[in-house]
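# Examining the three-dimensional arrangement
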Amino acid sequence: MQIRLSPLLSITFLAILPLMPSCEPPVTTDLTKSTLIPQPASVTASGGTFVMNADTKIYVSDSDEGTDAVASYLSQLLSPATGYALEVSSSEGVNELSGILLEVSDDATLGKEGYELTITEGMVKIAGGSAAGIFYGAQTLRQLLPDAIEASVTQEGQTWSIPTGTIRDMPVYGYRGAMLDVARHFFDVNEVKRFIDFLAAYKMNVLHLHLSDDQGWRIEIKSWPLLTEHGGQTEVGGGKGGFYTQEQYKELVAYAAERQILVIPEIDVPGHTNAALASYPALNCDGRAPELYTGTEVGFSTLCTDKKVTYEFLNDVVRELAEITPGPYLHIGGDESHATKSEDYLPFVNQVQGIVKAHGKTMIGWDETAQADLSEGSVVQLWHNADFAKMAVQKGAKLIMSPANKAYLDMQYDSTSRIGLHWAAYIEVPDGYNWDPATIVPGIGREDIIGMECALWSETVTDMADIEYLTFPRLPGYAEIAWSASSLRNWESYEKRLSAHASRMESMGIGFYRSPKVAWAASGKE
Ligand code: ACM
């Protein structure tokens with residue numbers, strides 16, 4: 001409908017326009033009302049505001065290792081929406097600092113990943129236990145800014161104000177992960193980078209890449225080139241698949257490291273190996289290569305555990321992967337090896353564990369690997385069998401908690417979800433949030449666990465929109481489970497904060513699932 005106004009009326013109308021309230025949500029000056037995810041350990045408000053503008057500088061001390069990189073990350077993060085190119089400057093010799101100061105704290109109670117964020121009217125100071133702690137403080141600062149900070153284009157006329165006060169914060173778990181299955185469907189470097197950015201925004205610190213499965217081999221192994229030249233050429237449904245060159249993988253590792261995220265590569269053996277078996281006939285007991293596979297069955301493939309060449313192959317794969325993976329862990333899968341003779345499975349896992357160790361890395365395996373002779377330091381990832389998890393603990397191993405019925409991102413929200421599976425459960429947003437890794441398995445406690453990981457398997461996930469639909473809004477909840485003390489977590493508080501994140505997710509361009517189980521706020525603020 002078009003409204004016609006007389007010339008006089010329209011002049012009057014235009015004159016009062018600047019007096020009308022803008023549609024920008026009201027600015028809060030009470031830091032305790034901020035809707036942060038994960039919930040910080042403590043927040044104290046002082047009732048004022050700090051306003052960031054084009055002249056705000058980011059100061060770093062020359063002596064603090066890694067802080068420069070966090071400063072340039074922060075400057076770049078804030079640039080698209082503000083249109084500012086915030087200058088990064090040394091704090092040495094500057095008497096009157098005004099702006100954002102990043103520094104390494106000598107407060108040992110913060111731990112490496114903790115931070116103290118102190119906001120006054122003239123200054124924001126992020127003191128972290130290390131560059132990682134400063135990075136997490138910067139993510140908190142990001143969430144304290146108006147939601148429009150997430151926009152990819154300059155927000156003209158927006159005031160970038162932050163409530164004053166102090167936040168002290170540190171994570172409960174040192175391992176806060178998400179797994180992305182790039183084997184069932186392949187996701188390219190830019191898609192994985194966007195996924196990494198999601199993790200970084202919520203202070204998660206591990207990206208577990210499931211790099212091989214029956215449907216595809218996704219990482220270049222120079223000594224066995226057919227793995228990708230042949231085994232990487234398709235995916236579920238028959239699409240063209242793809243793979244990462246070692247250079248591309250290194251680019252992902254570096255991109256993740258700039259965001260304090262460790263990449264853990266998984267080569268799933270001895271089952272889930274049809275792509276490898278199709279590429280090299282010698283890896284099959286009968287010496288015959290099967291066809292490439294584009295379906296979604298599991299448990300039908302196995303490397304030939306009796307052949308010497310199998311271990312030569314694994315040694316090469318592990319060696320090349322270890323060379324391009326700076327982190328301490330390699331994941332060897334080990335799940336659902338139903339086609340491997342049961343008497344062969346344990347000796348096989350033991351042998352692979354030795355190969356991983358020989359290349360200077362620590363083995364992680366899915367919970368079935370708890371049955372093997374676990375070496376000191378080896379880690380077991382619970383996904384479905386509590387008895388295996390207990391067995392791992394009895395053998396002195398630590399656990400990563402990924403119970404499929406709580407933490408699998410590919411589980412549908414409910415029976416109407418447009419994609420996803422439901423063999424473990426339907427996981428609505430409250431179900432994904434309302435559990436505790438330290439109490440979910442009787443007999444397993446906090447001291448047995450290094451952290452938790454949510455997992456996005458990709459049988460039904462074909463593109464970024466699908467990733468976003470299943471990942472959001474559950475990911476922030478998993479991040480909070482891994483970061484915040486259980487005494488600080490409850491659905492009522494989380495629901496309010498999550499609902500306020502709707503417009504933040506929208507500004508990030510995330511196509512999230514608007515769960516009917518969440519009372520979404522009308523705008524991004526309470
Ligand atoms: C798994 O879900 N097969 C680890």
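Residues numbered from 1 in each chain as written. Predicted model: local features only at pLDDT ≥ 70, side-chain atom pairs only at ≥ 80, totals over all residues. Heavy atoms only, no water.

## Comments concerning the overall build of the chain
Counting secondary structure elements, the chain contains 16 helices and 17 strands. Over its C-alpha atoms, taken along the principal directions, the chain stretches across nearly 90 × 60 × 45 Å. Expressed as a percentage of its 526 residues, the buried residues of the chain come to 57%. For the chain, the share of sequence-separated contacts (at least 6 apart) that also reach a separation of at least 24 residues comes to 72%. When the accessible surface of the chain is split by element, carbon and sulfur atoms take 52% of a total near 20,800 Å². Charge separation in the chain, taken as the distance between the mean sites of 38 positive and 68 negative side-chain charges, equals 2 Å. (Helix = DSSP H or I, 4+ residues; strand = E, 2+ residues; numbered from the N terminus. Buried < 20%, exposed > 50% of the residue type's maximum accessible area, 1.4 Å probe, protein only. Contact = heavy atoms within 4.5 Å. Areas by Shrake-Rupley, 256 points an atom, 1.4 Å probe, with all protein chains shown as cover. Lys, Arg positive; Asp, Glu negative; His and termini not counted. Charge placed at Lys NZ, Arg CZ, Asp CG, Glu CD.)

## Some thoughts on helix H3 (residues 131–144)
Its 14 residues give H3 an end-to-end C-alpha distance of 20 Å, which sits within 8% of 20 Å, the value for a rise of 1.5 Å per residue. The buried fraction of H3 amounts to 14 of the 14 residues, a majority that puts the element mostly inside the structure. (Expected span 1.5 Å × (residues − 1).)

## Here's the deal with the pattern of salt bridges
Evaluated as defined, the whole model comprises 24 salt bridges. Two residues, Asp344 and Lys341, come together in a salt bridge whose shortest N-O distance is 3.8 Å. Looking at Lys341, the relative accessible area reads 46%, which means it is partly exposed. Three or more residues are tied together by salt bridges with common partners; here these are Arg142, Asp147, Glu150 and Arg504. (Salt bridge = Lys/Arg side-chain N within 4 Å of Asp/Glu carboxyl O.)

## Quick word on the environment of Gln394
Here Gln394 is to be found in helix H10 (residues 386–394). Sequence-wise, Gln394 and Ala370 are 24 residues apart; in three dimensions their C-alpha atoms are separated by 9.6 Å.

## Topic: the sheet that holds strand E13 (residues 329–333)
In a beta sheet, neighbouring strands are held together by backbone hydrogen bonds and run either parallel or antiparallel to one another. Pairing in this closed barrel of eight strands is parallel, and the strands run E8-E9-E12-E13-E14-E15-E16-E17 around the ring. Here the average twist between neighbouring strands, direction ignored, is 30°. Pairing analysis gives two bridges linking strand E12 (residues 262–269) to E13, with the strands arranged parallel. Note that in E13 the partner of Glu266 across the bridge is His331. (Pairing = 2+ DSSP bridges. Axes fitted to C-alpha atoms, helices over the stretch in contact; angles between N-to-C directions.)

## Remarks on the sheet that holds strand E4 (residues 99–104)
Taken together, seven strands build an open sheet; the order of strands is E1-E7-E5-E6-E4-E2-E3 and the sheet is mixed. Sheet topology places strand E1 (42–52) and strand E3 (87–90) at the edges, where each strand pairs with a single neighbour. Averaged over all neighbouring strand pairs, the angle between strand axes comes to 25°, with direction disregarded. Relative to strand E6 (residues 123–128), E4 runs parallel, the two being bridged by six bridges. Among the inter-strand pairings, Val104 is bridged to a residue of E6, identified as Gly128. Against the sheet, H3 touches E4, strand E5 (115–119), E6 and strand E7 (160–169), its axis set at about 40° to E5.

## Let's talk about the confidence of the model for the chain
Model confidence for the chain is summarised by a mean pLDDT of 94, while 94% of its residues fall at 70 or above. The model gives residues 1–23 a pLDDT under 50, and that stretch makes two contacts with residues more than four places away or in other chains. (pLDDT = per-residue confidence, 0-100.)

## Considerations on the environment of Ile58
Following the sequence through the fold, Ile58 ends up in strand E2 (residues 57–60). Between the C-alpha atom of Ile58 and that of Ser89, which follows or precedes it by 31 residues, the distance is 6.1 Å.

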